[in-house]
Amino acid sequence: MNSGIPLEYYLIVATIMFFIGVYGFLTRRNLITILMSTELILNSVNINFLAFNRFLFPGKLDGHFFGLFVIAVAASEAAVAIAIIINIYRRFTSINVENVNELKY
Amino acid sequence: MADFGYTVWILIVPFVTFIVLGLFGMKLKARISGLTGTLGLAIVTVLSYATAFRYFLGAGLADGIYQKIIAFNSTWLTLTDRLHIDMGVLLDPISVMMLVVISTVSFMVHIYSLGYMKGEKGFERYYSFLSLFTFSMMGLVVATNIFQMYIFWELVGISSYLLIGFYYSRPSAVAASKKAFIVTRFADMGFLIGILILSFTTKTFDFVTLTDLNGPAITSTGGAVFLGMSVMTWSMILIFVGGAGKSAMFPLHIWLPDAMEGPTPVSALIHAATMVVAGVYLVARMFPVYYFAAPEALQIIAWVGAFSSLFAAVIATTQTDIKRVLAYSTISQIGYMIFSLGVSGYGGPEGLGFMASNWHLFNHAMFKALLFLGAGSVIHAVHSNYMTEMGGLRKHLPITNITFLIACLTIAGLFPLSGFFSKDEILTAAFHHDKVLFAIEYLVAGLTAFYMFRLYFSIFHGHDRQYDHTPHESPATMTVPLIILAIGSVFSGLLPFNRLVTSDGAPFESHIEWSVAGPSLIIALTGIAIAWVMYRKENTLPDRLASTFKHSYKWAYNKFYIDELYLFITKKIIFRRISQPVAWFDRHIVDGTMNGIAWVTQTVSNRIKGLQSGQLQQYGFVFVTGAVALVLFFIYLIK
């Protein structure tokens, strides 16, 4: 039944993706890139869900459901975030987070 | 009982003119604002006279005794059920008499100032302050309770301060106003403590209750004793300290001569006729309490008054600034009044001193205001305060000359001018009380005549000096008040004070006691004669006398160094020994602690405020780093 690719490989890919996402989230100043980074983080989690479901509970579908759930949340989140980003762009003609600091003072 | 409710307008009218002139005076023409103030005072004067006529001619009488009438009263501040501070109008012989005195002198000063202050910067401010003063002084004399009196007492203090410092660009005026305020304020602290003790003992502020012969103040003998005197005596002494400060009694007299820095009409109104007699009025107001509950305090009052009158008279003989001579003369005359209260008894002919004191107060207000206004007229003409720069002015200032002469004769106590009658009654009262005090006052009567005529001869007679420009008589706005006040000085001696203003309200018979009055006339004439010899024609006699009695002359000329003594005590002892260490402690220990706390807070927050940048990504970085660190910690270090 095992196709030969061990669980660790999945986890390594997911971890790499997760930290790429975190790195991008923390370092980028472009809102679109930050949004893309969050998508990476979410997808790395999806990989984990599916991999664990596949290896630990092969007969069950809980992991799949969670994966679908995350995809749905990610899609709506992307829609909302992009709407906000478009509004910010109209307001500031920029999507650099450092320019968006009017509420700070 | 007749309705005297309208008397409240005596207070409201000047207050309204004060507000109007104070707020809108800048927008009015100077002349209009002056006339507004004068018109307000005219209304007050009419009301006061109407009140006095109605009160003395029947409305105040009941069973042959002048009653205390509460014309208006409203509770202002309730402390307890029995102890409350009211604002009201109390009419009795002395307050009605004071209404007449204040309104007359104030009205004269208002008219006079139209001429004297013409063209001065701040003319409307001057009139607004005058209105404030009149309001406060009226409120003081009609006070129904001692606390209302205290409030208005402070108000006259502040108006005096404002008016002394009227020429605020002159440093000496500013210093004088501060001095007057601080000295009187210091004395008022005694007054306030006295009020508190008195109200604590008697549980009332009300004058009618306090002076009631069966009231708590007089019947509550005994009680606690402190340093050999009862608490009542102490409180009455402390109250008198306040009165002595306002009335410039020794040793709190130092502010009055300096207060002459103010405009001359102000000196006439505040520092001669009205405010400075507030102390006399206070003692007269509380007289039954003094007489029955605190006879020791009355003894002190008599001695303070007698000593002040002698002390000030001696200084007055050596001063050369005419306003200062008049200031010391004022102290001396107020000393007379205070002394007269001190030797008075209560009820009927026993209360001769009380009656004489109020009579003298009335006469003194007239002739001393006249003297000051006359001096103002002279200063206006010559532009100098020093009598050494004057002489022979009788040709240039005929009206001022005659009115001034009348005032000098009045204060010297020559028959039949008003000063003669009141001074004679005072001396008679003293004669029956204490022979030593009597002798002092006799001496003062001679000194008074001497220094007043020294002043008169130096200004109006003597060598005719060369002036920069020929002095000319003052305008009618200034001479008319002089004439009116001169008439008042001459005839106020004919008022039947023994029927009107007495210690218990009941009239009594008194007559001139020639065995006392005769010698007092002689001593006054002697004083005038000596002044005539020394100053009528310019000669070297005064200088020779001064050099013969070099040391005593120098002491008197320098006012017995009382000012220097005060300066020594305040600067060398209080400032250096007490204030400076306290200031050091405050600046270094108290402030240091506070500043230290603030410094620590500021430094720490400066260091850590970078953490809160508002950058979400920075927070995220910290969070992730922390999470990773925790994970590594739990995985590898804790097995």
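On a predicted model such as this, the values are computed, not experimentally measured, just so you know. (Residues numbered from 1 in each chain as written. Chains lettered and ligands numbered in written order. Predicted model: local features only at pLDDT ≥ 70, side-chain atom pairs only at ≥ 80, totals over all residues. Heavy atoms only, no water.)

Time to look at the overall build of chain B. Along chain B, the regular secondary structure elements total 26 helices and six strands. Summarising its shape, the C-alpha atoms of chain B cover approximately 125 × 65 × 50 Å along the three principal directions. Relative to its full complement of 639 residues, chain B shows a buried share of 56%. Counting contacts in chain B only where the partners sit at least 6 residues apart, residues at least 24 apart contribute 80% of the total. Of the roughly 26800 Å² of accessible surface on chain B, a fraction of 70% belongs to carbon and sulfur atoms. Counting 40 positive and 33 negative side-chain charges, chain B places the centres of these two groups 12 Å from one another. (Helix = DSSP H or I, 4+ residues; strand = E, 2+ residues; numbered from the N terminus. Buried < 20%, exposed > 50% of the residue type's maximum accessible area, 1.4 Å probe, protein only. Contact = heavy atoms within 4.5 Å. Areas by Shrake-Rupley, 256 points an atom, 1.4 Å probe, with all protein chains shown as cover. Lys, Arg positive; Asp, Glu negative; His and termini not counted. Charge placed at Lys NZ, Arg CZ, Asp CG, Glu CD.)

Now for the pairing of strand 3 (residues 69-78) of chain B. Residues and elements named next belong to chain B. Here eight bridges tie strand 3 to strand 4 (residues 84-91), and the two strands are oriented antiparallel to one another. Pairing of T78 across the sheet is with H84, part of strand 4. Once strand 3 ends, the chain turns through five residues before running back antiparallel as strand 4. (Pairing = 2+ DSSP bridges.)

Right, let's talk about the environment of T502 of chain B for a bit. Residue and element names in this part refer to chain B. Structurally, the position occupied by T502 is in the loop between helix 21 (497-500) and helix 22 (514-535). Given the relative accessible area of 5%, T502 is considered buried. In sequence terms T502 and Y346 are 156 residues apart; their C-alpha atoms lie 8.9 Å from each other. Excluding residues within four positions of it along the chain, T502 makes contact with F354, F497, P507 and F508.

Let's shift gears to the interface of chain B and chain A. How large an interface is tends to be reported as the accessible area lost when its parts come together. Each side of the interface is counted separately: chain B has eight residues, and chain A has ten residues. Together, Q615, Q617 and V624 of chain B form the three largest contributors to the area buried by chain B at its contact with chain A, with a combined 67%. At the boundary of chain B and chain A, one finds zero salt bridges. Taken together, chain B and chain A are joined by three residue pairs in polar contact (both at pLDDT 80 or more). Looking at the side of chain B that touches chain A residue by residue, the class counts come to three nonpolar, five polar and no charged. (Buried area = accessible area lost by both parts, 1.4 Å probe. Salt bridge = Lys/Arg side-chain N within 4 Å of Asp/Glu carboxyl O. Polar contact = N/O pair within 3.5 Å; in protein donor to acceptor, adjacent residues only side chain to side chain. Nonpolar A, V, L, I, M, F, W, Y, C, P; charged D, E, K, R; others polar.)

Let us look at unusual backbone geometry. Residue and element names in this part refer to chain B. Here the residue pair F250 and P251 is connected by a cis peptide bond, since its omega of 0° sits within 30 degrees of zero. Examined against the element boundaries, P251 turns out to sit in the loop between helix 9 (231-246) and helix 10 (255-258). Although it is not a glycine, K203 adopts a positive phi angle of roughly 60°. Mapped onto the fold, K203 is located in the loop between helix 6 (171-202) and helix 7 (207-211). Its identity is not glycine, yet A248 carries a phi of approximately 55°, on the positive side. Checked against the element boundaries, A248 lands in the loop between helix 9 and helix 10.

Looking now at a positive patch on the surface. Residues and elements named next belong to chain B. Positive charge collects at one region of the surface, where K571, K572, R576 and R577 lie side by side. Looking at where R576 falls in the secondary structure, it is placed in helix 25 (residues 562-608). A residue is classified by how much of its surface remains accessible, and R576, at 43% relative accessible area, is partly exposed. (Patch = residues over 30% accessible without salt bridge, like charges linked within 9 Å, V, L, I, M, F, W, Y side chains within 5 Å.)

We now examine the pattern of salt bridges. Between side chains of opposite charge, a pair can form when the charged atoms approach closely. Residue and element names in this part refer to chain B. Taken as a whole and judged by the stated rule, the model has seven salt bridges over all chains. When the shortest N-O distance is used, the salt bridge between R170 and E261 registers 3.1 Å. Highlighted residues: R170 in the loop between helix 5 (146-164) and helix 6 and E261 in the loop between helix 10 and helix 11 (264-273), separated in sequence by 91 residues. A salt bridge links D258 to K179; its shortest N-O distance comes to 2.9 Å. Taken as a pair, D258 in helix 10 and K179 in helix 6 lie far apart in primary sequence, 79 residues in all. Through salt bridges that share partners, K68, D92 and R285 make up one connected network.

Residues and elements named next belong to chain A. Topologically, G67 is positioned in helix 3 (residues 62-92). Residue classification places G67 among the buried positions, given a relative accessible area of 5%. Between the alpha carbons of G67 and L35 there is a distance of 19 Å; along the sequence they are 32 residues apart.

Moving on to the layout of surface pockets. All names here are of chain B. As a volume, the largest pocket reaches approximately 840 Å³. Lining the largest pocket are 31 residues, and of these T317, R454, M534, Y535 and P542 lie nearest its centre. Those elements that place two or more of their residues in the lining of the largest pocket are helix 19 (435-460), helix 22, helix 23 (541-548) and helix 24 (550-557). When residues of the lining of the largest pocket are assigned to their parent elements, the largest contribution, five residues, is made by helix 19. (1 Å grid on protein atoms, 1.4 Å probe; cavity = no way out; pocket = protein on both sides within 12 Å on 5 of 7 lines; lining within 4 Å. Points joined across faces, edges and corners; volume = space filled by probe spheres on them.)

With that out of the way, let us pick up the nonpolar core. Nonpolar side chains in soluble globular proteins tend to be buried together. Ranked by size, the top nonpolar core spans 206 residues in total, and within it M286, Y290 and I459 of chain B carry the most contacts. No other element matches helix 16 (residues 352-382) of chain B, which puts 20 residues into this core. In this structure, L31, I34, I85 and I88 of chain A belong to the second largest nonpolar core, which totals seven residues. (Core = buried A, V, L, I, M, F, W, Y, C linked by side-chain atoms within 4.5 Å.)

Moving on: helix 4 (residues 123-141) of chain B. Counted at 1.5 Å a residue, the expected span for helix 4 of chain B with its 19 residues is 27 Å, and the 27 Å between its end C-alpha atoms agrees. Burial of helix 4 of chain B is extensive: 18 of the 19 residues sit out of reach of the surface. (Expected span 1.5 Å × (residues − 1).)

Counted under the stated rule, the structure contains 38 aromatic pairs over all chains. Look at F250 of chain B and F307 of chain B: their rings are 4.8 Å apart centre to centre, the planes differ by 70°, and that puts the pair in the edge-to-face class. One end of the pair, F250 of chain B, is in the loop between helix 9 and helix 10; the other, F307 of chain B, is in helix 14 (residues 295-316), with 57 residues separating them in the sequence. A residue is classified by how much of its surface remains accessible, and F250 of chain B, at 26% relative accessible area, is partly exposed. Residue classification places F307 of chain B among the partly exposed residues on the basis of a relative accessible area of 38%. What links up through ring pairs into an aromatic cluster is the set F404, F453, Y456, F457, F460 and W532 of chain B. Its end group placed over the ring of F55 of chain A, R54 of chain A keeps NZ or CZ at 5.8 Å from the ring centre. (Phe/Tyr/Trp six-rings, centres within 6.5 Å; stacked < 30°, edge-to-face > 60°. Lys NZ or Arg CZ within 6 Å of the ring centre and 35° of its normal.)

Before going further, it helps to spend a moment on the side chain of S33 of chain B. Residue and element names in this part refer to chain B. Inspection of the secondary structure assignment puts S33 in helix 2 (residues 30-59). Judged by relative accessible area, which is 0%, S33 ranks as buried. Apart from the residues within four sequence positions on either side, S33 is in contact with L21, L28, F123, E124 and Y127.

Okay, the confidence of the model for chain B next. Residues of chain B with pLDDT of at least 70 account for 98%, and the chain-wide mean is 84. Across chain B, helix 5 of chain B holds the top mean pLDDT of 90, while strand 5 (residues 225-226) of chain B sits lowest at 69. (pLDDT = per-residue confidence, 0-100.)

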